[in-house]
Amino acid sequence: MNAEGSSLRASRGESAVRFRFAPSPTGALHIGNARTALFSFLWARRLGGHFILRIEDTDRGRYDPESESALLDDLHWLGLDWDEGPDRGGPFGPYRQSERAGLYARALEELVARDRAYPCFCTPEDLARRRAEDLARGRPPRYDGRCRLLPPEEVRRRLEEGALAAWRFRLVEGPPLVFDDLVYGPHSVARSLLDDFVLARADGTPTFLFANALDDASMGITHVVRGVDHLDNTPRQLLLFEAWGRPPPAYAHLPLVHGLDDTPLAKREGTGRLASYRSRALRPEALRAYLLHLGHTPTHEEGLLGEAAGTLFNPARLGRAPAHFDETQLRLWQERALALLDPPSFRRWLGGVLDRPPDDLLLVQRAEALRTVSVWAEDARAWWAILDDPPLPPRGWVPEDDFRTVMGAAVALDPEDEFHDFVHALAARTGRRGRALYLPLRLALTGRTEGPELATLWPVFPPQRRRALLARALASLSTDA
Ligand code: GLU
């Protein structure tokens with residue numbers, strides 16, 4: 001775990017609970033899955049249990065090899081660490097589904113041997129046609145079970161002939177499937193609503209439903225925290241646990257995180273990608289504080305950016321309303337997080353943004369001024385460039401007369417003066433005060449109408465540079481507007 005994340009380190013006892021985060025490395029981590037990971041991690045720590053990272057990379061078509069390492073890096077940056085995972089091993093490994101093919105194959109054989117799974121020879125085209133027919137008749141599309149009744153000799157013959165077969169779970173009668181979701185409450189699903197779902201495709205790869213449940217079972221997972229888009233998968237996964245004679249984990253489904261336009265973040269390009277905020281120098285504690293408001297209401301706001309922020313996660317305060325990702329809220333947390341940094345920490349943040357050592361002289365000199373205007377990296381960089389080379393003051397913001405009077409007096413004063421002495425003298429000479437006094441100065445020094453506190457800006461410029469900027473502003477007035 002990096003230093004930033006140390007605030008999340010909490011005592012890990014010897015409780016038996018086991019939580020996991022099981023991302024598919026098919027793209028960058030976004031705010032939604034960062035939230036799932038954080039809540040799962042904090043919940044595990046709260047109960048003194050273990051947190052496991054598992055990579056669900058069975059869908060090789062969508063697999064992006066780069067994204068696994070980016071994902072681990074994002075999670076570390078967020079301050080999470082895991083007790084078992086692909087990079088550190090553990091007693092239930094391997095922790096990448098692509099390395100667990102043998103386990104899935106054996107589990108499938110075992111279900112076949114017990115007649116709880118059977119081959120299905122229906123082609124994808126047949127299935128699609130029957131599905132379309134179901135839909136046309138207004139019926140929920142379900143597998144009609146035609147291969148479950150094939151005589152064993154025919155099954156054997158077809159398999160020997162090398163016919164392609166997917167493998168389906170054989171549903172058996174029984175009481176409704178009940179579970180008490182830790183967020184969405186009690187559920188009861190009649191088996192008649194389910195069909196014989198696919199466990200493994202004709203190419204032998206396991207489906208999500210199968211691999212995910214088998215991993216949870218074989219890794220001893222006791223709590224599953226995941227997006228509510230998986231709620232419908234739960235009853236079918238419960239059937240698998242039942243067939244294996246194992247107690248299922250407790251499930252906590254989280255409402256999806258939507259963009260402000262109401263589409264889920266997971267389905268969008270760009271918006272909400274963690275990488276884009278990291279490149280803008282987002283503070284991890286700001287993101288954590290913000291995430292604790294997405295589908296969760298902290299009891300209070302104090303301490304959300306501090307050492308013990310993690311303890312403000314309380315599963316009893318998870319909600320079901322769809323959460324909306326609002327960048328202005330994230331920005332607020334970023335502002336608050338930066339405001340809490342002590343000067344050396346702020347200089348480290350700034351150094352990272354500007355690619356300069358935090359004790360770089362210029363950086364130390366400018367840090368205080370930049371602090372008043374920086375929220376994202378781009379703000380700090382833009383202001384750095386302005387301080388390097390302030391643009392000419394634009395006209396029209398102050399009456400020419402005020403500007404001329406203030407600049408005329410300013411160039412005659414001693415630029416060595418401290419800021420307060422300087423403005424004091426300037427006010428006395430010109431009779432101007434407030435905006436009529438300060439705005440010309442600000443415009444002369446930065447070419448901008450708004451920006452860092454003037455008192456922090458003054459020491460940024462060496463005296464000769466101050467005088468030159470004031471003189472340049474005065475001269476600009478004599479040229480035609
Ligand atoms: N790989 C699945 C996902 O990323 C995980 C679902 C689960 O946590 O069970 O949505």
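Preceding block: the structure.
Residues numbered from 1 in each chain as written. Predicted model: local features only at pLDDT ≥ 70, side-chain atom pairs only at ≥ 80, totals over all residues. Heavy atoms only, no water.

Novice: How would you sum up the overall build of the chain? Please name residues and give values.
Specialist: From N to C terminus, the chain includes 18 helices and 11 strands. Its C-alpha atoms give the chain a radius of gyration of 31 Å, more than 25% over the compact-globule value 23 Å for 481 residues. By principal-axis analysis of the C-alpha atoms, the chain measures approximately 105 × 50 × 35 Å. For the chain, buried positions account for 49% of its 481 residues. A total of about 22,500 Å² of accessible surface is found on the chain, and carbon and sulfur atoms cover 53% of it. (Helix = DSSP H or I, 4+ residues; strand = E, 2+ residues; numbered from the N terminus. Rg over C-alpha atoms; globule rule 2.2 N^0.38 Å. Buried < 20%, exposed > 50% of the residue type's maximum accessible area, 1.4 Å probe, protein only. Areas by Shrake-Rupley, 256 points an atom, 1.4 Å probe, with all protein chains shown as cover.)

Novice: Which residues make up the site of the ligand, and what values go with them?
Specialist: Neighbouring the ligand are the residues R20, A22, S24, E56, F208, N212, R226 and H230. Note that a nitrogen atom of the ligand is positioned 2.7 Å from one of the side-chain N or O atoms of E56. Protein burial of the ligand: of its 300 Å² of free accessible surface, 79% is covered by the chains. (Near = heavy atom within 4 Å. Polar contact = N/O pair within 3.5 Å; in protein donor to acceptor, adjacent residues only side chain to side chain.)

Novice: Tell me what's going on with the environment of L305, and back it up with residues and numbers.
Specialist: Following the sequence through the fold, L305 ends up in the loop between α9 (284-291) and β11 (323-324). Taking the C-alpha atoms as reference points, L305 and G408, 103 residues apart in sequence, are found 48 Å from one another. Apart from the residues lying within four places of it in its own chain, the contact partners of L305 are E285, A286, A289, W333, R336, A337 and L340. (Contact = heavy atoms within 4.5 Å.)

Novice: Got a sec to walk through the pattern of salt bridges? Specific residues and values, please.
Specialist: The final tally for this structure, using the stated rule, is 32 salt bridges. With a closest N to O distance of 3.0 Å, E285 and R283 form a salt bridge. With a shortest N-O distance of 3.1 Å, R356 and D360 are connected by a salt bridge. Via salt bridges that share partners, R20, R54, E56, R100, D215 and D216 belong to a single interconnected network. (Salt bridge = Lys/Arg side-chain N within 4 Å of Asp/Glu carboxyl O.)

Novice: Kindly report on the environment of R278, identifying the contributing residues and their values.
Specialist: The topology assignment puts R278 in helix α8 (residues 274-279). Setting aside residues up to four positions removed in sequence, R278 forms contacts with D73, D74 and W77.

Novice: Explain the sheet that holds strand β1 (residues 18-21) to me, and be specific about the residues and the numbers.
Specialist: Pairing is parallel in the open sheet, where 4 strands are placed in the order β2-β1-β8-β9. Every interior strand has two partners, whereas the edge strands, β2 (50-53) and β9 (250-254), have only one. Strand after strand, the sheet turns through a mean of 25 degrees between neighbouring axes, direction not considered. Pairing between strand β8 (residues 223-227) and β9: 5 bridges, direction parallel. Following the sheet pairing, H223 is matched in β9 by A250. Along the sheet, helix α1 (residues 31-46) contacts β1, β2, β8 and β9; its crossing angle with β1, the most-contacted strand, is approximately 165 degrees. (Pairing = 2+ DSSP bridges. Axes fitted to C-alpha atoms, helices over the stretch in contact; angles between N-to-C directions.)

Novice: Can you break down the sheet that holds strand β7 (residues 198-200) residue by residue, with the values?
Specialist: Ordered in space as β3-β4-β7, the 3 strands form an open sheet in which the pairing is antiparallel. The open sheet is flanked by β3 (117-120) and β7, the only strands paired with a single partner. Between one strand and the next, the sheet's axes are offset by a mean angle of 45 degrees, whatever the strand orientation.

Novice: An account of the pairing of strand β4 (residues 166-169) is requested, with residue identities and associated values reported.
Specialist: With burial as the criterion, each face of β4 is covered, one bearing A166 and R168 and the other bearing W167 and F169. Of the strand pairs in this sheet, β3 and β4 are connected by 4 bridges, and their pairing is antiparallel. Looking across to β4, one finds that P119 is bridged to W167. Bridge count for β4 against β7 is 2 bridges, and the pairing is antiparallel. In the strand pairing of β7, R168 is matched with V198.

Novice: Can you break down the side chain of S374 residue by residue, with the values?
Specialist: Inspection of the secondary structure puts S374 in the loop between α12 (361-371) and α13 (377-388). Look at S374 and you get buried, because its relative accessible area is 6%. Within the structure, the side chain of S374 is placed 2.7 Å from the backbone oxygen of L370, a separation counted as a polar contact. Residues contacting S374, with those up to four places away along its chain left out, are L338, W349, D379 and A380.

Novice: Residue-level account of the pairing of β1, with values.
Specialist: Judged by which residues are buried, β1 turns out to be covered on both faces: R18 and R20 on one side and F19 and F21 on the other are all buried. Where β1 meets β2, 4 bridges bridge the pair, whose relative direction is parallel. Looking at the pairing, R20 lines up with I52 of β2. In the classification by handedness, the crossover that spans β1, the intervening α1 and the parallel β2 is right-handed. (Right-handed = clockwise from strand over helix to strand, strands pointing away.)

Novice: Quick one: what's the story with the nonpolar core, residue by residue and with numbers?
Specialist: Core analysis: the largest hydrophobic core is formed by 52 residues, its most contacted members being L75 and L287. Of all elements in the fold, only β1, α1, β2, α2 (65-77), β9, α8, α9 and α10 (327-340) reach the threshold of two or more residues within this core. It is α1 that provides the largest number of residues to this core, a total of 9 residues. A369, F403, A444 and L469 belong to the second largest nonpolar core, which has 45 residues in total. (Core = buried A, V, L, I, M, F, W, Y, C linked by side-chain atoms within 4.5 Å.)

Novice: Before we move on, can you summarise the layout of surface pockets with the specific residues and values?
Specialist: Here the second largest pocket defines a volume of roughly 710 Å³. Residue lining of the second largest pocket: 27 residues in total, with L127, Y143, R168, F197 and V198 positioned closest to the centre. Looking at the lining of the second largest pocket, the elements that each hand over two or more residues are α4 (124-136), β4 and α6 (208-218). When residues of the lining of the second largest pocket are assigned to their parent elements, the largest contribution, 5 residues, is made by α4. Across the lining of the second largest pocket, the residue classes break down as 15 nonpolar, 2 polar and 10 charged. (1 Å grid on protein atoms, 1.4 Å probe; cavity = no way out; pocket = protein on both sides within 12 Å on 5 of 7 lines; lining within 4 Å. Points joined across faces, edges and corners; volume = space filled by probe spheres on them. Nonpolar A, V, L, I, M, F, W, Y, C, P; charged D, E, K, R; others polar.)

Novice: Requested: an account of the packing of α9 against α10, with residues and values cited.
Specialist: Taken N-terminus to C-terminus, the directions of α9 and α10 make an angle of 135 degrees; their axes are 8 Å apart at the nearest point. Regarding the angle of α9 to α10, the classification is oblique. Crossing angle aside, the handedness with which α9 passes α10 is right-handed. Side by side, α9 and α10 meet where E285, A286, L287, A289 and Y290 of the first sit next to Q329, L330, W333, Q334 and A337 of the second. Class assignment for the residues of the contact of α9 with α10 results in 7 nonpolar, 2 polar and 1 charged. (Parallel < 35°, antiparallel > 145°, perpendicular 65-115°, else oblique. Left-handed = near helix turned anticlockwise from the far one by under 90°.)

Nothing here speaks to function; it is geometry throughout.
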